[in-house]
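# Commentary on secondary and tertiary structure
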Amino acid sequence: MQKTLVLLKPDAVQRRLVGEIIGRFERKGLRLVALKMVQASRELAERHYAVHRGKPFYESLLAFLTSGPTVAMVWEGREAVSVARLLMGLTDGARSAPGTIRGDFGLSVQNNLIHGSDSPENAEAEIALWFHPEELVHYTSSDAAWIG
Ligand SMILES: Nc1ncnc2c1ncn2[C@@H]1O[C@H](COP(=O)(O)OP(=O)(O)OP(=O)(O)O)[C@@H](O)[C@H]1O
Ligand SMILES: [Mg+2]
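Conventions used here
Residues numbered from 1 in each chain as written. Chains lettered and ligands numbered in written order. Predicted model: local features only at pLDDT ≥ 70, side-chain atom pairs only at ≥ 80, totals over all residues. Heavy atoms only, no water. UniProt positions renumbered as here; feature names shortened; annotations may be inferred. Core = buried A, V, L, I, M, F, W, Y, C linked by side-chain atoms within 4.5 Å. Buried < 20%, exposed > 50% of the residue type's maximum accessible area, 1.4 Å probe, protein only. Helix = DSSP H or I, 4+ residues; strand = E, 2+ residues; numbered from the N terminus. Contact = heavy atoms within 4.5 Å. Phe/Tyr/Trp six-rings, centres within 6.5 Å; stacked < 30°, edge-to-face > 60°. Lys NZ or Arg CZ within 6 Å of the ring centre and 35° of its normal. Axes fitted to C-alpha atoms, helices over the stretch in contact; angles between N-to-C directions. Parallel < 35°, antiparallel > 145°, perpendicular 65-115°, else oblique. Left-handed = near helix turned anticlockwise from the far one by under 90°. Nonpolar A, V, L, I, M, F, W, Y, C, P; charged D, E, K, R; others polar. Polar contact = N/O pair within 3.5 Å; in protein donor to acceptor, adjacent residues only side chain to side chain. Salt bridge = Lys/Arg side-chain N within 4 Å of Asp/Glu carboxyl O.

You'll find the protein chain entered in an unreviewed UniProt entry as Nucleoside diphosphate kinase, with Thermogemmata fonticola given as the organism. The Sequence similarities (unreviewed entry) field of the UniProt record for the protein chain holds the comment "Belongs to the NDK family."

### Describing the nonpolar core
Formed by 21 residues in total, the largest nonpolar core has its most connected members in Val6, Leu8, Ile21, Phe25, Ile101 and Ile114. Of all elements in the fold, only strand E1 (3-8), helix H1 (10-14), helix H2 (18-28), strand E3 (70-76), helix H5 (80-88) and helix H6 (101-105) reach the threshold of two or more residues within this core. The element contributing the most residues to this core is H5, with five residues. When neighbours within four sequence positions are excluded, Phe25 is seen to be in contact with Val6, Leu30, Trp75, Ala84, Leu87, Ile101 and Ile114. If you look at the next biggest cluster of nonpolar residues, it comprises 13 residues, including Leu5, Val33, Leu44 and Leu136.

### Examining the packing of aromatic side chains
Inspection of the entire model under this criterion finds one aromatic pair. We note Lys36 situated over the ring of Phe131; from NZ or CZ to the ring centre the distance is 4.7 Å.

### Focus: the UniProt feature "binding site: ATP" (unreviewed entry) in the protein chain
Under the feature "binding site: ATP" (unreviewed entry), the UniProt entry names Lys9, Phe57, Arg85, Thr91, Arg102 and Asn112. Inspection of the secondary structure assignment puts Arg102 in helix H6. You can call Arg102 buried: its relative accessible area is 6%. Discounting chain neighbours no more than four positions away, the residues touching Arg102 are Lys9, Met88, Gly89, Leu90, Thr91, Gly93, Ser96, Asn112, Ile114 and His115. Within the secondary structure, Asn112 is located in the loop between H6 and strand E4 (114-116). Residue Asn112 is classed as buried on the basis of its relative accessible area of 4%.

### Here's the deal with the packing of H2 against H5
Where H2 contacts H5, the axes come no closer than 11 Å and their chain directions differ by 135°. With respect to H5, the element H2 is oriented oblique. By crossing handedness, the relation of H2 to H5 is classed as right-handed. Contacts between H2 and H5 involve Arg24, Phe25 and Lys28 from the first element and Val83, Ala84 and Leu87 from the second. Here the residues of the contact of H2 with H5 are counted per class, giving four nonpolar, no polar and two charged.

### Quick notes on the side chain of Ser119
Here Ser119 is to be found in the loop between E4 and helix H7 (120-130). A polar contact of 3.0 Å, which involves the side chain of Ser119, links it to the backbone nitrogen of Asn122.

### Structural notes on the UniProt feature "active site" (unreviewed entry) in the protein chain
UniProt's entry tags His115 with the feature "active site" (unreviewed entry), counted in the numbering of this structure. Judged by relative accessible area, which is 10%, His115 ranks as buried. For His115, the contacting residues outside a window of four places in its chain are Leu5, Val6, Leu7, Lys9, His48, Tyr49, Met88, Arg102 and Glu126.

### Overview of the pattern of salt bridges
Pairing between side chains of opposite charge can happen when the charged atoms of each approach one another. Enumeration over the complete set of coordinates arrives at nine salt bridges. In this structure, Glu46 and Arg42 form a salt bridge, with 2.8 Å as the shortest nitrogen-oxygen distance. Placement of the pair is Glu46 and Arg42 together in helix H3 (residues 42-48), with a separation of four residues, close to one helical turn. A relative accessible area of 22% places Glu46 in the partly exposed class. A relative accessible area of 40% places Arg42 in the partly exposed class. Here Arg42 and Glu59 are joined by a salt bridge, their closest N and O atoms 2.9 Å apart. With Arg42 in helix H3 and Glu59 in helix H4 (residues 58-65), the pair connects residues that are 17 residues apart, well separated along the chain. A relative accessible area of 45% means that Glu59 is categorised as partly exposed. Members of the salt-bridge network, linked through shared partners, are Lys3, Arg31 and Glu76.

In structure tokens form, the structure reads like this:
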């Protein structure tokens, strides 16, 4: 089953939107297989956003991601990577459609509440960066036959 890494960034925690956002993933039918709160170090933030090194917003992005606790999660399900990205909306809250997380709760490009892996390959690498393998819990959903 496909897995994806989802981060509720420090703004989501500070704005008390954690429950609201997790509820959307649950209602969609994705399955929560790991969850923890993390105060990201500079090193973890650098590794997570290594692809953006050198961009004008890079330093500000690292400061943002390390500014407070992040909720790190792994969700799984059919097409989990793209489903999570659809729930999130576009990078820029101002351009995200209402009904999406970024479209409903923000206007900022940087402080956009949530991260989701953008490919199954990156999801695997990002899950390994944020979680130890034993932190992922394997179980059966009683409603799997209805939702999958
Ligand atoms: N032009 C920008 N100015 C400020 N911050 C930006 C800008 N572009 C991207 N960011 C920040 O960097 C993050 C990573 O950018 P990316 O292009 O990977 O967007 P994304 O894939 O929608 O977001 P994420 O990787 O966090 O899921 C964005 O989510 C946002 O927080
Ligand atoms: Mg990205």
